[in-house]
Each structure stands twice: as C-alpha cells, then as structure tokens.
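# Summary of structural features
This is what each chain is made of:
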Amino acid sequence: MTSSKTAGEAGATIRWADRGWWLSVDYPVLSTRGNFTRALERLRGLGAFTELLDEEGRIVHRNLFDDAALRDAWTSLALLSPWKSRLELHLKGDQIPYALVHDILWCAAFDGDARACEVRADSERWTIGCDRVLDLSPRDFDHDGTRPADAPAGKKKAKGADDRRHLMTFSELAPDGTIRFDRHAIADFVEAGERFRLCPAAPRGMLDRLLAALPPKLAPADLGWGAVLELDGSVRSRLGSALTAEHELDLLPRVECPLLGTPLVIRKRRGKSHERLRVELADGTVVSEKVIAPGALERVVADDGVVLEATVTGGFYRRMRFLLSQRSRLSPKELAAAGRPGRGYSMRLVPEATRDYGVFVRGLIAAATGATVDDEGDDEGDDR
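This one's a predicted model, so the numbers in the text were calculated from it and none came from an experiment.

About the criteria used
- Residues numbered from 1 in each chain as written.
- Predicted model: local features only at pLDDT ≥ 70, side-chain atom pairs only at ≥ 80, totals over all residues.
- Heavy atoms only, no water.
- Salt bridge = Lys/Arg side-chain N within 4 Å of Asp/Glu carboxyl O.
- Buried < 20%, exposed > 50% of the residue type's maximum accessible area, 1.4 Å probe, protein only.
- Helix = DSSP H or I, 4+ residues; strand = E, 2+ residues; numbered from the N terminus.
- Pairing = 2+ DSSP bridges.
- Polar contact = N/O pair within 3.5 Å; in protein donor to acceptor, adjacent residues only side chain to side chain.
- Contact = heavy atoms within 4.5 Å.
- Core = buried A, V, L, I, M, F, W, Y, C linked by side-chain atoms within 4.5 Å.
- Axes fitted to C-alpha atoms, helices over the stretch in contact; angles between N-to-C directions.
- pLDDT = per-residue confidence, 0-100.
- Patch = residues over 30% accessible without salt bridge, like charges linked within 9 Å, V, L, I, M, F, W, Y side chains within 5 Å.
- Areas by Shrake-Rupley, 256 points an atom, 1.4 Å probe, with all protein chains shown as cover.

### What about the pattern of salt bridges?
Summed over all chains, the structure comprises 16 salt bridges. For the salt bridge of Glu51 with Arg44, the shortest nitrogen-to-oxygen distance reads 3.1 Å. On the basis of relative accessibility, which here comes to 41%, the residue Glu51 falls in the partly exposed class. On the basis of relative accessibility, which here comes to 44%, the residue Arg44 falls in the partly exposed class. We note a salt bridge from Asp250 to Lys290, for which the minimum N-O separation is 3.9 Å. Here Lys290 lies in strand β18 (residues 290-292) and Asp250 lies in strand β14 (residues 247-250), a separation of 40 residues in the sequence. With relative accessibility at 19%, the residue Asp250 sits in the buried group. With relative accessibility at 39%, the residue Lys290 sits in the partly exposed group. Residues participating in the shared-partner salt-bridge network are Glu248, Asp250, Lys290 and Arg319.

Below, the structure is given as structure tokens:
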C-alpha cells in the first residue's frame with residue numbers, strides 16, 4: 001500500500017498499490033443451517049479460500065479472485081446471494097456494492113460477443129465504453145449527455161438520464177476551417193466511468209486504438225459537411241433592433257434592380273465621404289453607396305469593420321429594401337475555401353448523416369477492432 005502522507009498522519013490519503021485486478025469476498029458464519037453449510041463446501045473450492053479471525057475472535061471467510069477466475073467469482077456471489085447484505089466486497093482494495101460487482105462479473109465472464117461495451121458498425125453498437133458512453137453513430141451529433149438521446153431538444157436532463165456523449169462533441173472547428181479532436185478529453189470521459197475503471201474486460205485496448213486512428217485534423221468536406229457563419233453575440237447586441245428591422249438603400253445609376261432574395265454585402269466605404277457604407281452583390285459589383293439605416297448599423301460596419309450580409313426584400317424605382325442576415329450556410333466547397341471567418345462572425349459545423357461520415361466512422365471502428373469493414377456497414381473478420 002502507498003500513501004501521499006505518512007501512514008497514520010491525520011488526513012492521509014491512502015492508495016492501494018496496483019496489483020492488477022482482484023476481488024475479495026469476505027463473510028462471517030452466515031447461518032447454522034444446512035443451506036449455508038452446503039454453500040460453504042462449494043465456496044472452499046472457489047478462488048483462494050482462507051479463514052481469518054477478526055478483532056473480536058470471530059471467524060471470517062474470504063474468497064480471493066483474480067481476473068483468471070471471473071466465473072468462479074460470479075459463482076461465489078450467486079451462492080452467497082441470500083446473504084448479500086452481510087457481505088464485504090473489495091475490488092482492487094475499494095469496497096464495492098454487491099449489485100455493481102455482480103453486474104461487472106456477469107458482463108466480463110459471460111457476455112462475450114454480446115458485450116455492450118464494445119463497438120461494431122451496426123445499428124446496435126455504434127458505441128464504445130461501459131454503459132455505451134461514447135457514441136459514434138450517424139445521428140445525435142450534438143448529444144453531450146445533458147439530456148437522454150431520445151428526449152426532445154430543450155428538455156432538462158432528468159435524474160438517471162443518459163450520460164453518453166457523441167464523438168463529435170469532443171471536436172472543435174479550428175480557425176483554419178478544419179476539425180480537431182481532443183483525444184485526452186475523450187479518454188478521460190470514457191475512463192471516468194465506474195464500470196470501465198473496475199471491469200477487467202473493459203475495452204481499453206479498443207479505446208486506445210480508436211483514439212490513435214483519429215486524424216490530427218479533418219476537413220469538414222471529407223465528411224460531406226458544410227458549416228454556418230453566424231454573427232457573434234456581441235455584434236447582435238450592438239446592432240440591437242437594427243438586426244431585425246427592414247432598411248433601405250439607393251441604387252447607383254445604371255444598376256439593374258436586384259431580384260427579391262438576392263444576397264447583398266454591406267461593408268465600409270473607402271474614402272472620407274459622409275456616406276460611409278457601400279452595398280455590393282455577392283460577385284463584388286457595387287450597387288449602392290447610400291444606405292438609409294440607423295446609426296447602430298453604421299457603427300458596426302464603418303467603425304468596427306464588420307462586413308454584414310443582407311438580402312433584398314423589395315423596393316420601388318431606385319430605392320430597395322433589405323434585411324440583415326444573422327447566419328449564412330456554407331457548402332462543403334465554400335467551407336474549404338472560406339478559411340478563417342471574418343470579424344464579428346463565428347463558424348459552426350452542420351453535421352449530417354452523410355455517406356462520407358459513414359466511411360470515416362467505419363474506418364475508426366475497423367482500426368479499433370481490427371476488423372475489415374466495407375463502406376456499406378458489413379463487418380468481416382474478428383470484431384474482438
């Protein structure tokens with residue numbers, strides 16, 4: 001045993017030395033009737049059996065098991081189940097409830113190919129980790145454990161709700177427009193689960209191989225995903241009511257009237273003119289140098305240097321009306337060429353259940369399991 005303080009010192013933190021996986025089952029003489037006597041006869045042949053004396057001179061029976069005797073350990077719990085409230089169970093030195101040890105032993109010793117902690121590319125096992133905590137499926141990409149996977153969006157997490165998280169919630173869209181995964185956060189999340197820490201059959205090697213297979217960076221276009229450019233909250237706040245109000249502009253001479261829905265770009269006008277804003281079409285053609293709008297819009301564009309997007313909503317003769325756009329969608333091709341978002345904007349991925357995502361995640365599963373997986377989702381070979 002090791003300690004971070006001197007043994008016996010007040011507040012000392014005691015840690016058990018790592019001697020691998022082991023379980024001790026301690027129990028006194030539980031009954032003088034034949035049923036306990038018969039159980040004890042079988043228990044003497046399970047694991048390392050010893051009889052001890054406690055501080056008051058009473059007999060204590062102990063069965064000690066390692067990870068090569070999981071079925072015998074489960075059998076001992078089954079034999080002692082009528083007296084489970086009087087058992088003392090220590091797993092790797094820590095006292096553990098009967099129900100938890102029972103479940104861990106059943107899963108580790110008997111479930112085999114049906115073990116729910118392991119991952120395969122099918123509708124039932126797109127998850128990895130005990131209690132299926134890490135989700136790789138082509139759905140619920142934003143599920144971060146704050147609500148059950150089948151609960152409506154916005155509903156608060158109830159007690160006992162699903163704690164699983166999707167792989168993509170451990171990623172971020174970097175300034176260069178690529179996806180980066182936080183491997184350490186993924187490992188910490190999966191390994192923090194109580195069953196994962198305690199179960200001798202937890203898929204640690206599988207998790208390590210999956211993390212090693214994650215690319216350092218990934219282009220959203222490789223997944224067939226686009227993104228949305230959104231105005232930052234601070235810009236929306238500074239715009240205030242100008243964000244949702246309809247505004248006007250005067251067209252330059254000899255400029256054709258844009259059609260309804262035509263996208264516009266509002267940016268700072270060069271030079272020292274009193275009119276400080278200009279409006280362009282998406283191709284850069286200037287259509288107006290006179291914007292009739294509140295000061296908030298002018299301050300955000302002319303003073304803060306934010307380039308705003310808008311759409312034509314109507315007009316008459318040489319005067320057009322427009323509304324500001326709070327967000328715009330980028331296609332995978334546009335995202336690949338966009339790079340860093342402009343001032344006042346942030347970029348958010350739009351995850352979708354695309355064929356490209358299926359190919360990507362099946363490749364991860366193949367690396368984790370050592371299986372050969374085709375792009376239609378069928379497994380070949382050994383998935384263990």
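### Some thoughts on the sheet that holds strand β8 (residues 127-128)
Pairing within the open sheet is mixed, and its three strands lie in the order β8-β9-β10. What marks the edges here is a single partner per strand, and that holds for β8 and β10 (165-166). Inspection of the sheet shows β8 paired to strand β9 (residues 134-135) by two bridges, in the antiparallel sense. In the sheet register, Thr127 faces β9, and the bridge partner there is Asp135.

### A short note on the side chain of Asp250
A distance of 2.8 Å separates a polar atom in the side chain of Asp250 from a polar atom in the side chain of Arg319. If near-sequence neighbours (up to four positions away) are discounted, Asp250 is found in contact with Val287, Ser288, Glu289, Lys290, Ile292, Arg318 and Arg319.

### Observations regarding the pairing of strand β3 (residues 22-28)
Along β3, five of the seven residues are buried, which leaves the element largely enclosed by surrounding structure. For β3 and strand β5 (residues 59-66), the ladder comprises seven bridges, and the chain directions are antiparallel. Bridge pairing links Pro28 to Val60 in β5. Two elements, β3 and strand β6 (residues 88-91), share four bridges in a ladder whose sense is antiparallel. Within β6, the position partnered with Asp26 by the bridge is Glu88.

### Observations concerning helix α8 (residues 295-303)
An α-helix turns once per 3.6 residues; consequently, residues spaced three or four apart project the same way. When α8 is considered as a whole, its buried residues turn out to be Ala296, Leu297, Val300, Val301 and Ala302. Residues of α8 that are buried sit in contact with α7 (233-239), β14, β15 (263-268), β16 (277-281), β19 (308-316) and β20 (319-324). Taken from the residues just after α8, Gly305 is the one with a positive phi, measuring 75°.

### A look at the nonpolar core
In terms of nonpolar packing, the biggest core is built from 99 residues, with Leu23, Tyr27, Leu105, Ile179, Leu239, Ile266 and Leu308 touching the most fellow members. Sort the elements by how many residues they give to this core and helix α3 (residues 98-111) lands first, with seven residues. Discounting chain neighbours no more than four positions away, the residues touching Leu105 are Trp21, Leu23, Leu70, Ala73, Trp74, Leu77 and Phe110.

### Here's the deal with the sheet that holds β19
Judged by pairing direction, the sheet is antiparallel, and its seven strands sit side by side in the order β17-β16-β15-β19-β20-β14-β18 without closing on themselves. The sheet terminates laterally at β17 (286-288) and β18, the two strands that pair on one side only. Taking each pair of neighbouring strands and ignoring which way they run, the sheet shows an average axis angle of 40°. In terms of strand pairing, β16 meets β17 through two bridges, oriented antiparallel. Counterpart to Glu280 in the pairing with β17 is Val286.

### A look at the confidence of the model for the protein
On average, the protein scores 82 in pLDDT, and the residues at 70 or more come to 81%. Contacts of residues 375-384 to residues separated by more than four positions or lying in other chains number 28 contacts, the stretch itself having pLDDT below 50.

### Observations regarding a nonpolar patch on the surface
A surface patch of nonpolar side chains, about 270 Å² in accessible area, is lined by Val29, Leu53 and Ile59. Along the chain, Leu53 falls in strand β4 (residues 48-53).

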